[in-house]
Structure formats: structure tokens, C-alpha cells
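Now for the letters of each chain:
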Amino acid sequence: MTTINIMLPKEITDRHQLPMHERIGYGMVALAAFLLLLGAFGGPLTASPVLYCLLTIGLSTIGGLMVILPRFRQLPGIKNNGVMTSGLTRRGLLAWMLGVAFTAFYVILYWYPEYLGSMTASVDPISWTLRGAPADRWFLYGTLYTVAVLIMGIRMLAKYRHSPYHLVRTASVMLSQLALAFVLPAILVRLHSHEFYFHYFWPLKPDYLFPSSLQALFASDDKLIVFMGFWTVMMSFIAVPVLTYFFGKRWYCSWVCGCGALAETMGDPFRQNSDKSLKAWKAERWIVHGVLVFIVLTTALIWLNSWYGGEILGSWSASWAKAYGFYIGSLFSGVIGVGFYPIMGSRVWCRFGCPQAAILGLLQKWFSRFRITTNGGQCISCGNCSTYCEMGIDVRSYAQRGVDIKRASCVGCGVCASVCPRGVLKLENQ
Ligand code: SF4
Ligand code: SF4
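Residues numbered from 1 in each chain as written. Chains lettered and ligands numbered in written order. Predicted model: local features only at pLDDT ≥ 70, side-chain atom pairs only at ≥ 80, totals over all residues. Heavy atoms only, no water.

**A short note on the overall build of the protein chain**
Piece 1. Along the protein chain, the regular secondary structure elements total 20 helices and two strands.
Piece 2. In terms of C-alpha radius of gyration, the protein chain reaches 23 Å, essentially the compact-globule figure of 22 Å for 430 residues.
Piece 3. Judged by the C-alpha coordinates and their principal axes, the protein chain covers about 90 × 60 × 35 Å.
Piece 4. Contacts spanning at least 24 positions in sequence make up 74% of the contacts within the protein chain whose residues lie at least 6 apart.
Piece 5. Accessible surface for the protein chain amounts to roughly 20,900 Å². Of this, 69% is attributable to carbon and sulfur atoms. (Helix = DSSP H or I, 4+ residues; strand = E, 2+ residues; numbered from the N terminus. Rg over C-alpha atoms; globule rule 2.2 N^0.38 Å. Contact = heavy atoms within 4.5 Å. Areas by Shrake-Rupley, 256 points an atom, 1.4 Å probe, with all protein chains shown as cover.)

Structural data, given as C-alpha cells:
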């Protein structure tokens, strides 16, 4: 009788034993998070902002890099090494604990900012350097967000370094978050200009197109502010349809948007948890288009109200606009959108709540050259593509039938094509 010895790669046999450098790295991140929390109660730690900054942001950055950098020595790509059995990536106890921690952070950020008072001292040195002003809770949030995108972005670069598409799109979201969402708005504050985010447009930022915002921008003598008004109108009504015609919604959702940046970096370990059921697809279409209708009606109503000198809404106009900011902007995008990453996957907000994704999706489905082509004869029905689709699309069912995929929700992340062992799927502009 012949015995066959199968040698499994070391990274698969060792998957349940974390190497020493990873244990130290995770320990440093946990310690930094603990010190950040400790600072919320004030005390000697926050008395020295530079030390507090080094012990929190500095320590977590070094710890994260210790875990991630050695991945450049491992095989690239998704290898299913424990991802579907680990409690962290497959809705186990660790995932729930992480989800509760994320959600708690958002609840404190939006509703109990008084508990963040001392914590903001940890980013004070960065705020003074960039903005020439003390940090506030939004700067703290922006800094943590950007650090997460950059560190987890390096992880994405290591994981998908065999694919030029993933290298370019990951570098693009990292750069967009760092430059457009973090450094540039901070410099505008230093210049005493209007804090402005060049990568957000209507309807994701509906107030950018409200009459009061545009009137203030166009009435200003400041050339920079006039340019912001021009940029807002131009991007919302011209660039969005033109770029979506050529590239699909991926040019925004997977290459530029800040929410997409976090989903594609920090959310990547959880992408397989997206709900693929028909029920979820139906709910997604009703909810996301419902949000879009709400924004369109709100914008139209606020313009009409302004046209009639405030007679229609009276004192309601401000609260009407704030309703979006609170229920959609805060509750949906933060608390549910990011807080539920470990349980519901990385694109809950983009899939169910983002009005920008809704409008880009409609353009992509009916008016774009972008599609994922399928070579059905080659498909072996392994299901990798459906498993790793963060938008819950059953890619395999299209591949088996050899039908091109033109789904409104597809963000063109390209992971389905990368994980297909038969090269069935191709992201193309036709
Ligand atoms: S279908 Fe493919 S490219 Fe589109 S969102 Fe899903 S995994 Fe990404
Ligand atoms: S990953 Fe490729 S081979 Fe597997 S089901 Fe999807 S299209 Fe078919």
C-alpha cells in the first residue's frame, strides 16, 4: 500500500498559533487602546499631550505595523486560512466584543462627547502642528480614522500585492483619506478658511448644496471659497455622471470615498459576513433608494422654502436638515455602518444607507460602460466570488450562467475576480 504525504504550507498548519511578533503587536494595540480610554478620566497621562500621543497613536501604529509588515513575506491573496472558522472573522464572541466596542465608541462620539474631553489631548500635538488650533472630538475621530485606513491599507497592499488593480485602488483610497479628508481640511482651518472636504458631494453631503451653503460660498470674496462652491456643483452634477459612465461607481466607492476607504481597509477581514440572501437584496433596494428619495425631497423642499423667503418651513427648515445629519449621517453611517462591521460585513452603510451609492448605482446599472464579464464555461462553482463579495452579490449565479454582472450595488472592488481560481471574472469597460 502506498502512503501519500501531503505537505501543507506552514502558514496553514500554524494558523491557530500566532507568531511572537504578532502577539506583541496585538498587545501593543490593546495597551494603546486601554491608555486612550484611561485618558478619558483625565489624570497625569493627559497632562503631557506629547507623551499621551506617543503612548496611544504611536504605540498602536508600531503594534499594527509589527502584525502587518511580516505579511509581505507570506503568499499574497486570500487563502481561506482559518477565516471561516475564526471567532473574530466569522461572528464569534471576539467579533461581537469588537462590534460592541466600535458601537460604544460611536455612541460616545455622537451623544456623550463630554467623555472624550480628555481623550482629545492625545491628538493635540498633531492638531497644533496641522491646524494651529487645539484638537476637538472630530479631529480625534478623523485622526483615528486616518490611522486605521493607513495601517490596514498597508495590510491590503501586502495581501493583494499580486494584483496591480488592488495596489492602485488601495493606494488611491489611502491617499484620498490622508490628503483630502485629513490634511487639506486641517490646512484650510489654519488658513482661517472654510473647513471643506473635496471628496464628498451631494447627496452624501446634502448640506453642501443647500441654498444657505451655496449663497455663503458665492457671496464670499475669498477665491478659495468661491472655488469650493464651483467644485461642489461641478462634481455633483457633471463629474459624477461622466466618471460613472466611463468607470462605473468604483471610481468613487472603491477609489475615493472615505467610507469606502475604511470598508476596503479596516473592513476587509469581515467582508465575507455580508448577507447574500434574496431578502437582504430586496431590503437593500427599498432602504437605499428610500434614503435617496428623502435627500432629493429634502433638498427640493429647502430650495423652495428659500425661494419663498422661508414661508413654507418656517423654523422647521433647520431641524428638517438636521434630521438627515442625525438619523442618517450619525446613526446609520457610524453606529450601524462601522459598529456592525464584524457582524454584518464591511459595507452595511454603502449597501443599505448611502444616498451617493444609490445614485451612482442607478447610473452604473442603466448608463455605464462598466461591467464584470463572465466566462461561464470555466466556472467550477466553488463559490469563492460570492463568499467574498462585500456587497452580498451572488456572483457565482451569474458566472454559472455566463451572464455579465451589471448590478447597481457592485462597488467594483475586484475581489471576486481576484479570488476566482479559474479566471472567470473580469472587470471591464465596454
Ligand atoms: S461583485 Fe465583485 S467587484 Fe462587485 S462588489 Fe462584489 S466582489 Fe466587489
Ligand atoms: S470563484 Fe470563479 S470558479 Fe468559483 S464560483 Fe466564482 S466564478 Fe465560478
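**Examining the site of ligand 1**
Piece 1. Around ligand 1 lies a shell formed by Ile372, Cys389, Met391, Ile393, Val395, Cys410, Val411, Gly412, Cys413, Gly414 and Cys416.
Piece 2. With respect to the detected pockets, ligand 1 is housed in the largest cavity.
Piece 3. Class assignment for the residues of the shell around ligand 1 results in nine nonpolar, two polar and no charged. (Near = heavy atom within 4 Å. 1 Å grid on protein atoms, 1.4 Å probe; cavity = no way out; pocket = protein on both sides within 12 Å on 5 of 7 lines; lining within 4 Å. Sits in = over half its atoms within 2 Å of the grid points. Nonpolar A, V, L, I, M, F, W, Y, C, P; charged D, E, K, R; others polar.)

**Notes on empty space enclosed by the protein**
Piece 1. Scanning the entire structure with this criterion turns up four cavities of 30 Å³ or more.
Piece 2. Approximately 100 Å³ is the volume found for the largest cavity.
Piece 3. The wall of the largest cavity is formed by 15 residues, among which Ile372, Cys389, Cys410, Cys413 and Cys416 lie closest to the centre.
Piece 4. The class makeup of the residues in the lining of the largest cavity is 12 nonpolar, two polar and one charged.
Piece 5. Approximately 90 Å³ is the volume attributed to the second largest cavity. (Points joined across faces, edges and corners; volume = space filled by probe spheres on them.)

**Looking at helix 13 (residues 278-307)**
Piece 1. When the terminal C-alpha atoms of helix 13 are compared, their 44 Å separation across 30 residues agrees well with the 44 Å that a helix rising 1.5 Å per residue should span.
Piece 2. Where helix 13 terminates, the next one or two residues include Gly309, which has phi positive at roughly 65 degrees. (Expected span 1.5 Å × (residues − 1).)

**A look at the domain arrangement of the protein chain**
For an interface, size is often stated in terms of accessible area lost upon the parts coming together.
Piece 1. When its domains are assigned, the protein chain resolves into domain 1 (138-365) and domain 2 (369-430).
Piece 2. Here the C-alpha centre of domain 2 lies 26 Å away from the C-alpha centre of domain 1.
Piece 3. Summed over the shared surface of domain 1 and domain 2, the result is two salt bridges.
Piece 4. Residue Arg347 pairs with Glu390 through a salt bridge whose shortest N-O separation is 3.4 Å.
Piece 5. At the junction of domain 1 and domain 2, the tally comes to 17 residue pairs in polar contact (both at pLDDT 80 or more).
Piece 6. Of all elements in the fold, only helix 8 (164-190), helix 10 (223-247), helix 11 (250-253), helix 12 (258-265), helix 13, helix 16 (348-352) and helix 17 (355-367) reach the threshold of two or more residues within the side of domain 1 that touches domain 2.
Piece 7. Residues of the side of domain 1 that touches domain 2, tallied by class, amount to nine nonpolar, nine polar and 11 charged. (Domains from an automatic or database assignment. Salt bridge = Lys/Arg side-chain N within 4 Å of Asp/Glu carboxyl O. Polar contact = N/O pair within 3.5 Å; in protein donor to acceptor, adjacent residues only side chain to side chain.)

**Some words on the pairing of strand 1 (residues 370-374)**
Piece 1. Burial analysis of strand 1 places five of its five residues in the buried class, which makes it a mostly covered element.
Piece 2. Side-chain alternation along strand 1 places Phe370, Ile372 and Thr374 on one buried face and Arg371 and Thr373 on a second face that is also buried.
Piece 3. Sheet topology note: the strand 1/strand 2 (residues 425-429) ladder contains five bridges and is antiparallel. Residue pairing across strands places Thr373 opposite Lys426, the latter belonging to strand 2. (Buried < 20%, exposed > 50% of the residue type's maximum accessible area, 1.4 Å probe, protein only. Pairing = 2+ DSSP bridges.)

**Focus on the packing of helix 4 (residues 49-68) against helix 6 (residues 124-131)**
Piece 1. The interhelical angle for the contact between helix 4 and helix 6, taken along N-to-C directions, is 105 degrees, at an axis separation of 8 Å. Classed by the angle they form, the pair helix 4 and helix 6 counts as roughly perpendicular. Residues Pro49, Val50 and Cys53 of helix 4 form the contact with helix 6, whose participating residues are Asp124, Pro125 and Ile126. (Axes fitted to C-alpha atoms, helices over the stretch in contact; angles between N-to-C directions. Parallel < 35°, antiparallel > 145°, perpendicular 65-115°, else oblique.)

**As for the environment of Leu178**
Piece 1. Here Leu178 is to be found in helix 8.
Piece 2. Measuring from C-alpha to C-alpha, the distance between Leu178 and Gly423 comes to 34 Å, with 245 residues separating the pair along the chain.
Piece 3. Not counting residues up to four positions away in its chain, the partners in contact with Leu178 are Thr146, Leu150 and Val183.

**Quick look at the side chain of Ser368**
Piece 1. Structurally, Ser368 can be placed in the loop between helix 17 and strand 1.
Piece 2. One polar contact links the side chain of Ser368 to the main-chain amide nitrogen of Gly248, over a distance of 3.5 Å.
Piece 3. Apart from residues lying up to four places away in sequence, Ser368 is in contact with Thr244, Tyr245, Gly248, Leu363 and Lys406.

**Brief notes about the nonpolar core**
Piece 1. Counting residues in each nonpolar core, the largest one holds 57 residues, and the members touching the most others are Trp251, Tyr252, Trp349, Ile372, Val395 and Leu425.
Piece 2. It is helix 10 that contributes the most residues to this core, five residues altogether.
Piece 3. Each of domain 1 (138-365) and domain 2 (369-430) contributes no fewer than three residues to this core.
Piece 4. Leu35, Ile68, Val173 and Leu262 belong to the second largest nonpolar core, which has 35 residues in total. (Core = buried A, V, L, I, M, F, W, Y, C linked by side-chain atoms within 4.5 Å.)

**Concerning the pattern of salt bridges**
Piece 1. Following the criterion strictly, the structure yields 10 salt bridges and no others.
Piece 2. Among the salt bridges present, the one from Asp268 reaches Lys159, with a minimum N-O distance of 2.8 Å. Remark: Lys159 occurs in helix 7 (residues 137-159) and Asp268 occurs in the loop between helix 12 and helix 13; sequence separation between them is 109 residues.
Piece 3. Asp268 sits in the buried class, given a relative accessible area of 2%.
Piece 4. Note that Glu264 is salt-bridged to Arg271, the shortest N-O span being 3.9 Å. You'll find Glu264 and Arg271 in the same group, each marked buried.
Piece 5. One network of salt bridges, in which partners are shared, links Arg155, Lys159, Arg169, Glu264, Asp268, Arg271, Arg347 and Glu390.

**Comments concerning the site of ligand 2**
Piece 1. Taken together, 13 residues lie around ligand 2, and Cys379, Cys382, Gly383, Cys385 and Cys420 are the ones closest in.
Piece 2. Because more than half of its atoms lie within 2 Å of the grid, ligand 2 is assigned to the second largest cavity.
Piece 3. Counting only elements with at least two residues in the shell around ligand 2, the list comes to helix 18 (384-388) and helix 19 (395-401).
Piece 4. Residue classes in the shell around ligand 2 are distributed as eight nonpolar, three polar and two charged.

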